[in-house]
Structure formats: C-alpha cells, structure tokens
Amino acid sequence: MRRVVRGFWGPRPESAEGLAERWRQTLEGLAALVPQATDDWSQVHSSGPADAITADGDALLAALRAAQSAADWSDLTGTGLRLVGTGTPGWEAEVSGLAGGEPEFLLQSVAVVLHTPDDAAVPEDALLALLARTWEPDFGDVSDDDVLDALEDDGGFLVGDPVVGRYGYLSPARAALAPEDLDAAREELPGGGVLLGLAAPGDGAAVVRAYRRLREAGALDPLPRPMDRAVL
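Residues numbered from 1 in each chain as written. Predicted model: local features only at pLDDT ≥ 70, side-chain atom pairs only at ≥ 80, totals over all residues. Heavy atoms only, no water.

(A) Molecular detail of the confidence of the model for the protein chain. For the protein chain, the average pLDDT comes to 94, and 100% of its residues sit at 70 or higher. Across the protein chain, element-level confidence peaks in strand β8 (residues 167-170) with a mean pLDDT of 98 and bottoms out in helix α4 (residues 145-154) with 88. (pLDDT = per-residue confidence, 0-100. Helix = DSSP H or I, 4+ residues; strand = E, 2+ residues; numbered from the N terminus.)

This is how it looks when you write it as structure tokens:
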C-alpha cells in the first residue's frame with residue numbers, strides 16, 4: 001500500500017544548519033515510528049545513481065550544502081533533498097523536502113511516501129504529528145491515491161490548494177476557523193496547531209465531507225499570492 005504524509009507552508013528563510021536539524025529530527029522520528037522502512041538511507045539525485053547517506057546531522061548538512069552549490073540553486077526557491085529508506089522486504093520510505101526559501105508562489109513542503117504491505121499497521125497520526133512538530137507547517141495531510149482521487153472528483157480539490165486527508169493538520173490560525181461541530185478527533189500540538197482525525201482508511205466520502213466543511217469555514221483558504229508569510 002502507498003500512503004503519503006505531507007506538510008506545506010509559505011516563505012520561511014532558514015540556514016543550512018537549521019534545515020539539517022529538521023531533517024535529522026525527521027529521520028530519527030521515522031526510525032522510531034516505522035523502523036521496518038528505515039534501516040538504510042540513500043540520497044536520490046536528479047541525475048546519476050543514488051548515494052548512501054547516514055541520518056546524522058553532519059551528513060545531512062553536507063548534502064544540503066552540496067544542493068546549494070548546484071548551478072541552478074536559488075535561495076528564493078529553497079533547498080531540496082530526496083532520501084529513500086529501506087529495511088524489511090515490502091517496506092520503503094521516501095522523504096522529500098523543499099525548504100528554507102522565500103518563494104512568492106511555490107509552497108515549501110515535506111512529504112513522506114510509505115510503501116508497506118497492505119495489512120500493515122502504520123501510525124499515520126503520529127507520522128503527521130512528527131512532521132507538524134518538526135517542520136511547523138501551515139497545513140498537512142495523510143492521504144493515498146484513492147483519497148486524493150475522491151477529493152478531486154467529488155470535493156472540488158485542486159492540486160496546490162490546502163487540503164486534509166484521513167488525518168489533517170491545521171496551523172493555529174487555521175485551527176481557529178475549524179467548525180466546533182466538525183466530526184473529528186482533535187489533538188492540540190505544541191505551538192497551538194491541531195491534528196484532526198477525520199476518517200478511517202477507505203472512507204473517502206468522510207474525507208470529502210470534512211474537506212468541504214473546512215473549506216467553507218475558511219480553514220483551508222490558500223495563502224495570499226504573492227506569499228508574504230509561512231502560515232495563514
């Protein structure tokens with residue numbers, strides 16, 4: 001099964017050292033939550049073979065600095081990394097991020113794509129909470145292909161708009177706009193953001209209903225363009 005855990009935010013300049021620490025915390029958190037997929041890490045490049053990489057701060061900082069030395073890198077866009085973790089057969093984690101920049105139109109982001117056996121138990125809420133604590137996004141979601149198809153087909157969702165899935169994360173200003181009677185389990189996270197449990201696996205209709213209610217309430221309004229802040 002393929003599932004995606006994501007976080008998105010607007011412009012937030014950060015040093016390579018600061019980004020390396022966020023990456024380190026992310027990989028350590030993943031190793032604790034899904035150890036089956038994180039025995040070994042490799043860095044995927046836009047061209048050429050992948051390289052083995054360790055999940056420590058020095059190695060991650062070197063990878064970020066190497067990315068920033070590329071001819072087409074821009075501090076306005078942000079610094080991207082793409083890592084793949086492997087372990088137990090049938091398990092794989094891909095982590096990609098673009099962060100630390102000041103884009104006016106392109107959201108910064110981090111995404112964990114997990115490939116697991118269909119019947120595997122995965123702590124999806126804890127994975128989204130990990131990204132929320134570590135990256136301080138504006139919004140985030142746990143989705144799969146069926147959920148995203150349902151949102152596009154039945155919810156009016158357009159790629160690039162704020163979104164929730166089976167679980168959703170809302171930054172403090174967004175959480176304040178969420179309807180009090182929304183059918184969701186709520187967990188307040190450090191910093192004032194809220195983790196929402198919205199639907200069981202396979203219940204795309206419940207995700208669409210929650211998405212519509214949150215959008216109508218303004219909790220999923222896009223950041224204004226050109227963007228001038230990281231969160232709503």
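(B) Here's a closer look at the pattern of salt bridges. Applying the stated criterion across every chain yields a total of 15 salt bridges. Here Arg-6 and Asp-141 are joined by a salt bridge, their closest N and O atoms 3.0 Å apart. One end of the pair, Arg-6, is in strand β1 (residues 2-9); the other, Asp-141, is in strand β7 (residues 139-143), with 135 residues separating them in the sequence. In this structure, Arg-6 and Asp-141 share a single accessibility class: buried. When the shortest N-O distance is used, the salt bridge between Arg-24 and Glu-21 registers 2.6 Å. In this pair, Arg-24 and Glu-21 both sit in helix α1 (residues 16-33), three residues apart, roughly one turn of the helix. Assessed through its relative accessible area of 32%, Glu-21 is described here as partly exposed. (Salt bridge = Lys/Arg side-chain N within 4 Å of Asp/Glu carboxyl O. Buried < 20%, exposed > 50% of the residue type's maximum accessible area, 1.4 Å probe, protein only.)

(C) Seen up close, the sheet that holds strand β2 (residues 40-43). With antiparallel pairing, 10 strands are arranged side by side in an open sheet as β3-β2-β4-β5-β6-β1-β7-β8-β10-β9. Because the sheet does not close on itself, it has two edges, and the strands there are β3 (51-53) and β9 (185-188). Strand-to-strand twist in this sheet, taken as the mean axis angle between neighbours without regard to direction, amounts to 20°. Sheet topology note: the β1/β7 ladder contains five bridges and is antiparallel. Residue Arg-6 lies in a different strand from β7, and its bridge partner there is Asp-141. (Pairing = 2+ DSSP bridges. Axes fitted to C-alpha atoms, helices over the stretch in contact; angles between N-to-C directions.)

(D) Main features of α1. Taking 1.5 Å per residue as the helical rise, α1 with its 18 residues ought to reach 26 Å, and the 26 Å between its terminal C-alpha atoms agrees with that figure. Along α1, the residues classified as buried are Ala-16, Leu-19, Ala-20, Arg-22, Trp-23, Thr-26, Leu-27, Gly-29 and Leu-30. Those residues of α1 that are buried are in contact with β2, α2 (57-68), β4 (79-86), β5 (92-99), β6 (108-115) and α3 (124-135). (Expected span 1.5 Å × (residues − 1). Contact = heavy atoms within 4.5 Å.)

(E) Inspection of the packing of α1 against α3 at higher detail. Two elements in contact, α1 and α3, have axes whose closest approach is 10 Å; the angle formed by their N-to-C orientations is 165°. Between α1 and α3, the interaxial angle falls into the category roughly antiparallel. Of the two possible hands of crossing, α1 and α3 adopt the one that is right-handed. In this structure, α1 contributes Leu-19, Arg-22, Trp-23, Gln-25, Thr-26, Gly-29, Leu-30 and Leu-33 to the contact, and α3 contributes Ala-126, Leu-127, Leu-130, Leu-131, Thr-134 and Trp-135. Of the residues in the contact of α1 with α3, the class split is nine nonpolar, four polar and one charged. (Parallel < 35°, antiparallel > 145°, perpendicular 65-115°, else oblique. Left-handed = near helix turned anticlockwise from the far one by under 90°. Nonpolar A, V, L, I, M, F, W, Y, C, P; charged D, E, K, R; others polar.)

(F) Expanded view of the nonpolar core. Formed by 39 residues in total, the largest nonpolar core has its most connected members in Trp-23, Leu-30, Trp-41, Val-95, Leu-114 and Trp-135. Listing elements by their share of this core, those giving two or more residues are β1, α1, α2, β4, β5, β6 and α3. Sorting elements by how many residues they give to this core places α3 first, with seven residues. Grouped together as the second largest cluster of nonpolar side chains are 23 residues, Leu-148, Leu-151, Ala-175 and Tyr-211 included. (Core = buried A, V, L, I, M, F, W, Y, C linked by side-chain atoms within 4.5 Å.)

(G) The side chain of Thr-38, seen in detail. Tracing the backbone through its elements, the reader meets Thr-38 in the loop between α1 and β2. For Thr-38, a relative accessible area of 8% gives the class buried. A distance of 3.3 Å separates a polar atom in the side chain of Thr-38 from the backbone oxygen of Val-34. Look past the residues within four positions of Thr-38 in its chain and what remains in contact with it is Leu-30, Ala-31 and Thr-86. (Polar contact = N/O pair within 3.5 Å; in protein donor to acceptor, adjacent residues only side chain to side chain.)

(H) Spatial organisation of unusual backbone geometry. Look at the link from Arg-225 to Pro-226: it is a cis peptide, with omega at -5°. Assignment of secondary structure puts Pro-226 in the segment after α6 (204-216). One non-glycine residue with positive phi stands out, namely Glu-136, at about 50°. Structurally, the position occupied by Glu-136 is in the loop between α3 and β7.

(I) Examining the environment of Glu-187 more closely. Among the structural elements, Glu-187 can be located in strand β9. You can call Glu-187 partly exposed: its relative accessible area is 40%. For the pair Glu-187 and Tyr-169, spaced 18 residues apart in sequence, the C-alpha to C-alpha distance is 9.6 Å. If sequence neighbours within four positions are ignored, Glu-187 has contacts with Gly-193, Val-194 and Leu-195.

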